[in-house]
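Single-letter residue listing:
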2 protein chains.
Amino acid sequence: MKKLINDPANARREFLAGLALAHADLLAVIQDPVYVVRAGAPVQGKTGVISGGGSGHEPMHAGFVGRGMLDAACPGEVFTSPTPDQIEAATLAVDGGAGVLHIVKNYTGDIMNFEMAAELCQARGVEVRAVVINDDVAVEDSLYTAGRRGVGTTVLAEKICGAAAERGYGLARVAELGERVNRHGRSMGVALTSCTVPAAGRPNFVIGADEIEMGIGIHGEPGRERSALLPAAEVTARMAEAILADLPFTSGDRVIAIVNGMGGTPLMELYLVYAELERILRARGITVARRLVGNYITSLEMAGCSLTLLKADDEMLSMWDDPVVTAGLRWGA
Amino acid sequence: MKKLINDPANARREFLAGLALAHADLLAVIQDPVYVVRAGAPVQGKTGVISGGGSGHEPMHAGFVGRGMLDAACPGEVFTSPTPDQIEAATLAVDGGAGVLHIVKNYTGDIMNFEMAAELCQARGVEVRAVVINDDVAVEDSLYTAGRRGVGTTVLAEKICGAAAERGYGLARVAELGERVNRHGRSMGVALTSCTVPAAGRPNFVIGADEIEMGIGIHGEPGRERSALLPAAEVTARMAEAILADLPFTSGDRVIAIVNGMGGTPLMELYLVYAELERILRARGITVARRLVGNYITSLEMAGCSLTLLKADDEMLSMWDDPVVTAGLRWGA
């Protein structure tokens, strides 16, 4: 295993120490229990928005803490759910009296621990609502998931709910918006290579020199099929078609699109895939109203990419355009 | 070779097509000869600022075209110098009557072709000045370079000169500022893995499973030494000490720091390295006034990182803080 770390047991702590040093204007890191919290939290009267999940998917979630997005993030160990005490502490830290939204990716451990934390917080008088993201069309049920996995739509929900909360929307409205984003978002990924969790020290799965895995999970969970290496046009078309048929997206739709790198994919390739994706969408009368091309929800150093499409309404687009100031996403301020 | 491309011969063209589609508000791509130009160029009366070099280092340079940074970028084929006709066309396209600055990384082919283009432009009445970046302390002379290679300081020079030009500085002042940035910037990198140029189809160099290359070049040029894999603290210290001793940086200095990913390095590791770097600098009385942690000057999918430190004066810091709106760097607007 070749990594720029000191000791696998300390990698999360040391990463977060660096994040805190680099972004002291935006956030603070609490180490026990571990969470990342927006500078100046709690904001009185504002709906809190938090998320969390295993580390190793950066910038998601810790890199999305700041103005206009998340009030806190709860990073678990690499590819491991955060514990209820982390989530409870983060929820209490960001509650400004208006309650807190939990944005939870659909993995069994995450769901269980966020639910447990929500109960603990509610027992202490803090109102909590959860939005579960389950947008991955690749497979039903997976290694760590009943139903569909939660992937790229999480980034969109965090941005859009974060903007709504910043505007003063109450908890119920922010939660409703988050649920609408999830209902209208779909994703699928492809892996070219595996990745290595520091504590494990060996690749998470094995993949041949000429193979790709269509429908990969962000922890390396099996996808739909192993295939021979295909041209980018074909890889993009297969993922896009699975996504488009699933909602379904239809002519006249406006979408927010993400071409997301898994961590080890050159930006050249991601833009090349974006060109293929936009060509496919235009041919179907679908307009890309906004887009992200880059690394947003990664799997350590995995090579590959995922596509996310959100059928966006006016309110979502307006929230998308609001200012955001985080380590991983920044515009308008 | 596993890449999300269609045909190696078209990878640059297809990447740039995607860049143009994704960022039509910021830039346009001209395909023959190839250059990327800021939307609305030329800006009358404004000093033009352009750069260029081989593709495969994205977001540099094409991702830095936009408001407050580059007016144009000339992307060569992967790891290959841009040709004089590309640079000439870009220079003419951005000249608003106030002349054009060429920011050139010190590689023999780049120097030669930028000089040739400058002569062609001057013959057509466009004033051109060049700033050569040669900030890599690892080695004197290299595979493609006489003297020191140009690396991370290029990103800082592009931002700072871009801001000065946006403020209305004339060509001589922008060039003087760029030269000052180069004189006060130092960098060094480390590779954990190799990378594969699409047209070559095999790794650029070979490195053992337990080896790292200290002082790597951004095209895989040999560094100072092969070493066994070391803890991040030791890797960071060796690079930082080489950089600090070279200027030298001393107590009381304020720096702009980059912890730069080579393309295949998880953000967790880059932040962990940043924590090590800031610890080293603090112990020497050096203040990190501004910083970037992420992928800014990459080498395709190479795993590894580079450190850049710029001893910054008030004018540089003020320019750094000015708004920038590009695909790869964005704040303040």
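Keep in mind it's a predicted model, so treat the numbers as computed, not measured.

Some details on the interface of chain B and chain A
(1) Moving on: With 59 residues of chain B at the contact, the number on the chain A side is 59 residues.
(2) Moving on: A combined buried area of about 4,500 Å² lies between chain B and chain A, and 67% of that area is made up of carbon and sulfur atoms.
(3) Moving on: The largest share of the area that chain B buries against chain A comes from Lys-2, Leu-4 and Met-268 of chain B, three residues that together contribute 22% of it.
(4) Moving on: For the pair chain B and chain A, the number of links is 2 salt bridges.
(5) Moving on: Lys-3 of chain B is paired through a salt bridge with Glu-269 of chain A; the nearest N and O atoms lie 3.9 Å apart.
(6) Moving on: Within the residue set of the side of chain B that touches chain A, elements represented by two or more residues are α1 (11-22), α6 (232-246), α7 (267-283), β11 (287-294), β12 (304-311) and β14 (330-331) of chain B.
(7) Moving on: It is α7 of chain B that contributes the most residues to the side of chain B that touches chain A, 11 residues altogether.

A word on the relation of the copies chain B and chain A
(1) Moving on: For the pair chain B and chain A, the superposition axis carries a translation of 0.0 Å, the fit reaches an RMSD of 0.0 Å, and the rotation angle comes to 180°. Such a turn and shift between the copies fits a two-fold axis. No C-alpha of chain B lies nearer the rotation axis than that of Gly-264 of chain B, which sits 2.0 Å from it.
(2) Moving on: Looking at the interface residues of chain B, 100% of them are also at the interface in chain A, so both copies use one shared face.

Considerations on the pattern of salt bridges
(1) Moving on: Tallied over the full model, the rule gives 50 salt bridges over all chains.
(2) Moving on: Salt-bridge contacts for Arg-238 of chain A lead to Glu-234 of chain A; the nearest nitrogen and oxygen are separated by 3.0 Å. Placement of both Arg-238 of chain A and Glu-234 of chain A in helix α6 (residues 232-246) is noted, with a separation of 4 residues, approximately one turn of the helix.
(3) Moving on: A residue is classified by how much of its surface remains accessible, and Arg-238 of chain A, at 29% relative accessible area, is partly exposed.
(4) Moving on: Given the relative accessible area of 33%, Glu-234 of chain A is considered partly exposed.
(5) Moving on: Lys-46 of chain B is the partner of Asp-71 of chain B in a salt bridge, and the nearest nitrogen-oxygen pair spans 2.6 Å.

Section: the packing of helix α4 (residues 153-167) of chain A against helix α8 (residues 314-321) of chain A
For any two helices packed against each other, one specifies the crossing angle of their axes together with the interaxial distance.
Residue and element names in this part refer to chain A.
(1) Moving on: Closest axis-to-axis distance for the α4/α8 pair is 8 Å, and the angle between their directions is 85°. The pairing of α4 with α8 is recorded here as roughly perpendicular in orientation. Of α8, the residues touching α4 (which contributes Leu-156, Lys-159, Ile-160, Ala-163, Ala-164 and Arg-167) are Met-316, Ser-318, Met-319 and Trp-320.
(2) Moving on: Residues of the contact of α4 with α8, tallied by class, amount to 7 nonpolar, 1 polar and 2 charged.

With respect to the environment of Gly-109 of chain A
Residue and element names in this part refer to chain A.
(1) Moving on: When you line up the elements, Gly-109 lands in helix α3 (residues 108-123).
(2) Moving on: The exposure class of Gly-109 is partly exposed, given its relative accessible area of 25%.
(3) Moving on: Sequence separation between Gly-109 and Pro-82 is 27 residues, and the spatial gap between their C-alpha atoms is 8.3 Å.

A few points about the pairing of strand β3 (residues 48-55) of chain A
All names here are of chain A.
(1) Moving on: Most of β3 is tucked away, with 8 of its 8 residues classed as buried.
(2) Moving on: In terms of strand pairing, β3 meets strand β5 (residues 100-105) through 4 bridges, oriented parallel. Its bridge partner being in β5, Ser-51 is matched across the sheet by Ile-103.

Examining the sheet that holds strand β10 (residues 254-261) of chain B
All names here are of chain B.
(1) Moving on: Judged by pairing direction, the sheet is mixed, and its 6 strands sit side by side in the order β9-β8-β7-β12-β10-β11 without closing on themselves. The sheet is open, and its two borders are formed by β9 (225-228) and β11, each paired with just one other strand. The average angle at which neighbouring strand axes cross in this sheet is 20°, direction not considered.
(2) Moving on: As judged from the 7 bridges shared by β10 and β11, these two strands associate in the parallel manner.

Here's the deal with unusual backbone geometry
(1) Moving on: At the junction of Asp-32 of chain A and Pro-33 of chain A, the peptide bond is cis and its omega measures out at -5° in the coordinates.
(2) Moving on: Structurally, Pro-33 of chain A can be placed in the loop between β1 (27-31) and β2 (34-38).
(3) Moving on: Here the bond from Met-60 of chain B into His-61 of chain B is cis, since omega is -5°, no more than 30 degrees from zero.
(4) Moving on: Look at Asp-141 of chain A: it is not a glycine, yet its phi comes out positive at around 60°.
(5) Moving on: Relative to the helices and strands, Asp-141 of chain A is located in the loop between β6 (128-133) and α4.
(6) Moving on: Located in the positive-phi region is Phe-79 of chain B, a residue other than glycine, with phi close to 60°.
(7) Moving on: Positionally, Phe-79 of chain B belongs in the loop between β4 (72-78) and α2 (84-94).

Cut-offs and rules
- Residues numbered from 1 in each chain as written.
- Chains lettered and ligands numbered in written order.
- Predicted model: local features only at pLDDT ≥ 70, side-chain atom pairs only at ≥ 80, totals over all residues.
- Heavy atoms only, no water.
- Contact = heavy atoms within 4.5 Å.
- Buried area = accessible area lost by both parts, 1.4 Å probe.
- Salt bridge = Lys/Arg side-chain N within 4 Å of Asp/Glu carboxyl O.
- Helix = DSSP H or I, 4+ residues; strand = E, 2+ residues; numbered from the N terminus.
- Least-squares fit on C-alpha atoms with pLDDT ≥ 70 in both.
- Buried < 20%, exposed > 50% of the residue type's maximum accessible area, 1.4 Å probe, protein only.
- Axes fitted to C-alpha atoms, helices over the stretch in contact; angles between N-to-C directions.
- Parallel < 35°, antiparallel > 145°, perpendicular 65-115°, else oblique.
- Nonpolar A, V, L, I, M, F, W, Y, C, P; charged D, E, K, R; others polar.
- Pairing = 2+ DSSP bridges.

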